[in-house]
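Spelled out from the first residue to the last, the chains are:
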Amino acid sequence: MADAAQHLAFMAAQTAVARGEIALVSPEMPLRANLSVLDNIALIPQYRTNLTYDEAADQAWGLLVTAGYQDSHTKRDPDLSHAERCVAKLLRAVIGQPPIILIDRPAMLLPDTHYPPFLFALLEKLAEHLNNCEIVDYQWNQPLYDARHPPSIIE
Amino acid sequence: MAFVTHFFIRRGAAFLTTWRIWRDTLLFAGRAVLTACAPTAYNSATRTVVMKQIYFTAWQILPGFTLFAALLSYVLIQIVVTTAAKFGLSDYALEVTMRLLVLELLPLITALFVALRSSSAINTEIALMKINGEIEALESACVDTMRLEFMPRVIGGMISVLALTAVTSVLALVLAYLAVYGWQTWSLPDFSRVMGKVFDNAVLFGILLKSLTFGLAVTVIPVAEGMATPRKLFMAPISVLRGMVRLFFALMLIEVASLAFKYI
Amino acid sequence: MNRPTSTPPIKNLELKVGVLLVSTVLLAAGFVLYSLYARGAFHRTQSLTLIAPEAEGVSIGMPMTFSGFPIGEVKRMELGEDGKVRLEIAIPTKDARWLRENSVFTLEKSLVGGAKIKAHTANLADKPLAAGAARTLITGDATQEIPVLIERVKTILNNVADMTGKESHINQTLANIQNVTGRMTGEYGVMEGVLGGPEKAHQVVAALEKANTLLASLNGVSLKVDGVLAKTDSRVFGPEGVMDQAHQSIAKVNGILGDARESLKKADALLANAQSASADLPKITGNVRAATADMTQLRTEIDDSVRKVNHLINEMNKKWPFAREVEITTP
């Protein structure tokens, strides 16, 4: 029964992702390799709301500045540090303003950072652009988290 | 007995694989063309990709390829004209030249050149995107990869093949005139008469259709092959290899079909 | 903080692609328009119907030329109720001025290449040809005459073969002459003895020599016949009828050679007499006078024959254009 329930939940999550209700920040969802960070983020409003490139790029630039990572805007995926890549992925999710953002296994996104404080600081800065952001992590990583900000879902 | 069964199973599997990839290619071609026909499919990002595709496929190679095509055309025209003169068939030299170059050779060479240069690049890129999971990532971010990545390449490829064919064909006609009549304009009526004889409506439509089919093949096949790549890095070269072989086969098939349609 | 406007990786991308697209469209449109113009979509034409007994080698779109310049093309062709072919020719109005009321239209076919429809106008001052006029198409076909020509050449070759065959008259005649002269040579000493003096014998011998020369010329004639045969083989299109004349001439040669044979037979008989005489020397003196009288007559006869043959050879030389100068001179 547990399996069936899990499966249903997974299916529901998939459907939600497909509808754009959940945006994923995941190690398995790479950035588009031949576009710069700025273009990767701007791509979403270009598609979703048919913005011109300049409008979309301005939005993306605004987010990058808010996050404090504007210096990386011209870099492409292979040149990014883990933190920069993670921020770019997060902002790509944020700019679409989905009801839920899932940050999937951040340990894999930020292998050489004490990531919970880093992430929560980042989310703090972006708070006004966020609806609901959840962090999905393994149970054994729970000690890394502050008691005030536990991970949302433990696998 | 087991050997025979095994043999048939293997053959059958191979056949099914081939059949599936061709079917997927055709389905993809249909979807790409349908998408391209919908005006809503175009947004600022798509337009940029289309323009970049045309830039990389046509603009970058235009000077070099035009020069090469001019050289090839001139040599072939000279061969045809001299040979025809030797057999006393000079009247037919111009017509033969036009048919040989403009109807058959230049579209095919253009398609082959674009295939060699851009199709291999497209195939590699799509295969790597597929292996990396970039396509899934885009899809999950609600970006329609058909509109962002595939359809613009198809449109760009078709327009590029058309543009290169048009430029080289017109150049070949000018060269043919110069080779047959020399540097003067009095023979234009004569030239026009042969033009009128060769390029009737069916032939004009045939060139357009052939160039478009070539353009479709040089983009659709590598994209479909790239999409069909399993998500393993070592499959990338195999994917490009298969895509190129299938593309060559498809181009030849189109050429033979057009020849058969015209002359049989 | 404003977004820094970084220079795009490709300069003037839009402009370059725009230029390419516009030039492609212009080239394609120009190409289509030009081919439409070239097909005559933009100029008015008038039609002319040509009626031909047959239209093999004619196809739609074939040009009609005037003085080697195309002035119209076949638009339609159909088989009429009367079994004749009706070719509809479209002529651009500006080119119609070359066609007049009395213009003649021909269909020419050659061995290599297609058929050609040609228009000929003798007098450009005549009334112009009305639009929609119908004319007959005159067909002249070089290829159709070839079988007839080959038949004729075959007959000529048969005649030549008959003339030069083993059983032919000319060969038999030559064989006869050879026999006769064979018998004549080598009898000089006897003749001298019989005739009683070298002078008379010399006369006879000279006459015989003349006959020999004649034979050599005749051999030459037969060689010439052989040469003509070779030439006829290689050039089948030589002037016709020469062979027939040659045949007649050779019949004449036969006649004259018959005469010559008669004369030589007489000489033969004379020599036979001389031979028998040598055995019986005392009788010789009595016979000598008669013999000399015979000898004179013989010489006249042989001379006559030689003259006739000489004349004949000259005549043949005149008739056969490829013969060399041959002359038989009387000593």
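Every value quoted in this text rests on a predicted model; they were computed, and no experiment measured them. (Residues numbered from 1 in each chain as written. Chains lettered and ligands numbered in written order. Predicted model: local features only at pLDDT ≥ 70, side-chain atom pairs only at ≥ 80, totals over all residues.)

Q: Could you give me a rundown of the pairing of strand 2 (residues 63-66) of chain C, with the residues and numbers involved?
A: All names here are of chain C. The sheet contact formed by strand 2 and strand 3 (residues 69-79) spans four bridges and is antiparallel. Of the residues in strand 3, the one forming a bridge with Pro63 is Glu73. Looking at chain direction, strand 2 and strand 6 (residues 116-120) are connected through three bridges and run parallel. Paired with Thr65 across the bridge in strand 6 is Lys118. (Pairing = 2+ DSSP bridges. Helix = DSSP H or I, 4+ residues; strand = E, 2+ residues; numbered from the N terminus.)

Q: Kindly report on helix 4 (residues 82-94) of chain A, identifying the contributing residues and their values.
A: The end-to-end C-alpha distance of helix 4 of chain A is 18 Å, a good match for the 18 Å that 13 residues give at a rise of 1.5 Å each. Summarising burial for helix 4 of chain A: 10 of the 13 residues are buried, a large majority. (Expected span 1.5 Å × (residues − 1). Buried ≥ 20, exposed ≤ 12 C-beta atoms within 10 Å, placed from the backbone.)

Q: I'd love a proper account of the pairing of strand 6 of chain C, names of residues and values included.
A: Residue and element names in this part refer to chain C. Side chains Ile117 and Ala119 of strand 6 all project onto a buried face; the interleaved residues Lys116, Lys118 and His120 project onto a face where none is buried. The sheet contact formed by strand 5 (residues 104-109) and strand 6 spans five bridges and is antiparallel. Note that in strand 6 the partner of Thr106 across the bridge is Lys118.

Q: Quick one: what's the story with the interface of chain B and chain C, residue by residue and with numbers?
A: Between chain B and chain C, the contact holds 22 residues from the first and 23 residues from the second. Elements with a contribution of two residues or more to the side of chain B that touches chain C: helix 2 (44-59), helix 6 (145-181) and helix 7 (188-198) of chain B. Taken together, the residues of the side of chain B that touches chain C break down into 15 nonpolar, three polar and four charged. (Contact = placed C-beta atoms within 7 Å. Nonpolar A, V, L, I, M, F, W, Y, C, P; charged D, E, K, R; others polar.)

Q: Just give me the short version of the packing of helix 4 (residues 90-132) of chain B against helix 6 of chain B, but keep the residues and values in it.
A: Residue and element names in this part refer to chain B. Contact geometry of helix 4 with helix 6 gives a least axis separation of 9 Å together with a crossing angle of 150°. Crossing hand, helix 4 versus helix 6: right-handed. Its residues assigned to classes, the contact of helix 4 with helix 6 comprises 16 nonpolar, eight polar and one charged. (Axes fitted to C-alpha atoms, helices over the stretch in contact; angles between N-to-C directions. Left-handed = near helix turned anticlockwise from the far one by under 90°.)

Q: Explain the nonpolar core to me, using residue names and the numbers behind them.
A: It is characteristic of soluble globular proteins that their nonpolar side chains tend to be buried jointly. In this structure, Ile41, Ala60 and Leu91 of chain A together with Val154 and Ala217 of chain B are the most contacted members of the largest nonpolar core, which totals 87 residues. Ranked by the residues each element gives to this core, the list is headed by helix 6 of chain B, at 13 residues. Val80, Leu94, Leu101 and Phe199 of chain B belong to the second-largest nonpolar core, a separate cluster that totals 22 residues. (Core = buried A, V, L, I, M, F, W, Y, C linked by C-beta atoms within 7 Å.)

Keep in mind these numbers describe shape, not what the thing actually does.
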